[in-house]
Amino acid sequence: MPHKLLATLAISHAFLTTGPHHRRKLALNVIETDEWLTAQDAEGRTYYYHAVTMETSWTDPRIVVEEPAKPERQQLHALHVLPSNVDKDALSQILHSGDAMDEAKTEQAFWAVVNEVDRAEAHDEPLSADVPRMLHRIFDADLQHLLTREQIRTNLTCMQPALTGAANAGNSMGYIMDDYAHKDLPLKEGRACEGGTCCEACSRNIFPSFMLPGECSPDIFPGLNQFTFNEVEGLPSASILQFIRLIERVRRTMAHEYGLDLKTILPLQAYARKYVAGTTQQGGGGGEGDYVILHTDEATHSGYHYSSVLYLNDQGVDFTGGDFIFNDKAKEGTYHIPTSEELEMLTMEEELERGRKFGRELTPFHPSRGAAVIFSSGWENMHEVYALESGTRYAVPSFFTTCPVPEQAYQQMHVGKPSSDEQIADDWLHLLLAHRAESPVESVGRVKELLMKWHYMCTPLDQH
Ligand SMILES: O=C(O)CCC(=O)C(=O)O
Ligand SMILES: [Fe+2]
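An unreviewed UniProt entry annotates the protein chain as WW domain-containing protein of Pelagomonas calceolata. As stated in UniProt under Sequence similarities (unreviewed entry), the record for the protein chain gives "Belongs to the iron/ascorbate-dependent oxidoreductase family."

Below you can see the structure in the form of C-alpha cells.
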C-alpha cells in the first residue's frame, strides 16, 4: 500500500537532528544513548541490544563510521570555480525587473541563482530568500517554454489489461508470466482506468526536445550523468540545481498532461542511470547493466504512479542498441502464427526470442540527447530496454507518486513544513546544497525529507 510506504518513510524522520540556522546539520553521529546496552552471548562475545526495540548488533550502533571521501566526486568539485566578485545584486535585479522570462532571461536567472548559492556557501552565509523566489519563476518559465517548443508527438491508446490482479495478469498479459526471469517480480494489481475504459491517465508522451542541448551537457554540468540525491557532495551547485530543475520540469509536465493539481504529485525517486555494453545487471534498481528486463514501474514499487525517462546522450553516436520499447498485447489477427515447419527451422535461441515477442506489439523509442518519455507507471505501460551493442548510455529515470505525505511525517521533522521564503531557502541549503560530506545514514534521512518537501521547495507558498 503506498500510504503505508510513506508512513514508514516518515517514521525514520524522527532521527533528524536540528542545528544552527543556515548550515543545519542532519548529523547522526550518536543515536540516543542509554537505550543501547551490552550483553554476552553463549560464547562470551559482547553484543549490543536496544532496550526498547530489542534490536541487536555486533558493532556499537551509536558509532557511525564516516565514509572515506570519494576522490572522483572531489575532482568534480574541483572543476567548479567558485565565483569571485559576483554581482551580489544580479539576482534581485532580475527578480524585480518585471522582464518577460524568455529563454535567454531564464538562463540568466538560473546562473544568477547558481552564483548566489556559491556566494552564500563560500562566505558561510544564509541563502537569500530570493533564491527560491527566482527558482519558482524559472520553473514556471521552463514549462511555458517546453509547451511552446514541443507538441505531443505520441499519444498512444493505452493497453490496460482486461483482467486485473496478479493471478489474472498472466492470462491477460501472456508474455510476462511466460518469461521465467519475471516469475519473482512482485506483481501488483494494475490500476484500472475510471470505468474500466481508456482515459488520458494512460497516455504516453515523447518529447524530443524536453531539454535544450546545453541543459544536459556534462561539460556545463559536471556529474549530471552520475547524479543521485544521496551523493551530492563534491558536485557543483550548478549540477545539483540543474538536476532538480529538470525533475521539476518533469513534475510540471506530468501535472499538465494528466490534469493533476501540482501539489498532489511528488517525486519518489530520480537518479542518473548508466548502461555500459557488455556489463551484467547486479540486482534491481539503478545498478550498472546493459539492458532492463520487461517490467512496469508500478510493479517494482507500488508508490510509483507516473514515470519519466530523460535521455542524456545519443543512440548511434554514443552507443548502439539500447532501444526503449513499449511492449503491448497485439490485436488479434495482427501477428503471424508460424507453421510447424517454420518453427522447426528455428534455433533454440531464435525460438526463445520468438516466444518472448509472440502476440506483442513493440513500439520502440530511439534515445536521443534531450528527449523525454513520460507515461503512467501501471500495466498499461509495460516497457523494457534492449541490450546495448556498444558504448555507454545515460538516462535519468524518475518516478512520481500521487500519495499524499502523511501530516505526521512533517511533524516528525525537526524543521517541518516551511512557512516563509526564508525557511524555504534554508531547506534548499540544508537538504541539497550544503552537503559536501555526510554519512550514508544521514543522506537517507536528508533525501526523504527533501522528497517530502519537494512541492514546498519548488512552488511558492501561496500555492499550497
Ligand atoms: O533507461 C530507460 O530507457 C528506461 C529505464 C527504466 O525503465 C527504469 O529505470 O525503470
Ligand atoms: Fe521502467
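Draft legend 1. Local environment of the overall build of the protein chain. Broken down by element type, the protein chain carries 15 helices and 14 strands. Taking contacts inside the protein chain between residues at least 6 apart in sequence as the whole, the part at least 24 apart equals 78%.

Draft legend 2. The environment of Ser307, seen in detail. Among the secondary structure elements, Ser307 is positioned in strand E8 (residues 306–311). As a C-alpha pair, Ser307 and Ile374 span 67 residues in sequence and 5.8 Å in three-dimensional space. A polar contact is formed between the side chain of Ser307 and the side chain of Asp297, at a distance of 2.7 Å. Within the structure, Ser307 has its side chain in polar contact with the side chain of Ser377 (distance 2.8 Å).

Draft legend 3. Examining the confidence of the model for the protein chain more closely. Summary statistics for the protein chain give a mean pLDDT of 76 and a share of 72% for residues scoring 70 or more. When the elements of the protein chain are averaged for pLDDT, helix H1 (residues 2–11) gives the smallest value, 32, and strand E9 (residues 319–321) the largest, 97. Below a pLDDT of 50 lies the segment residues 1–33, which in the model reaches 85 contacts outside its immediate sequence neighbourhood of four places, other chains included. Confidence over residues 65–85 falls short of pLDDT 50; this stretch has 28 contacts with residues more than four positions distant or in other chains.

Draft legend 4. Main features of the coordination of the iron ion (ligand 2). Distances from the iron ion (ligand 2) to its protein donors, namely His295 (NE2), Asp297 (OD) and His383 (NE2), fall within the range 2.1 to 2.2 Å. One chain supplies every donor to the iron ion (ligand 2), and in sequence these donors are spaced H-x1-D-x85-H. Here the residue Asp297 occupies a position in helix H9 (residues 297–300), and His383 occupies one in strand E13 (residues 383–385), the gap between them amounting to 86 residues. Like Asp297, the residue His383 is buried in the burial classification.

About the cut-offs
- Residues numbered from 1 in each chain as written.
- Chains lettered and ligands numbered in written order.
- Predicted model: local features only at pLDDT ≥ 70, side-chain atom pairs only at ≥ 80, totals over all residues.
- Heavy atoms only, no water.
- UniProt positions renumbered as here; feature names shortened; annotations may be inferred.
- Helix = DSSP H or I, 4+ residues; strand = E, 2+ residues; numbered from the N terminus.
- Contact = heavy atoms within 4.5 Å.
- Polar contact = N/O pair within 3.5 Å; in protein donor to acceptor, adjacent residues only side chain to side chain.
- pLDDT = per-residue confidence, 0-100.
- Donors = N, O, S within 2.8 Å, 3.2 Å for Na, K, Ca; no water.
- Buried < 20%, exposed > 50% of the residue type's maximum accessible area, 1.4 Å probe, protein only.

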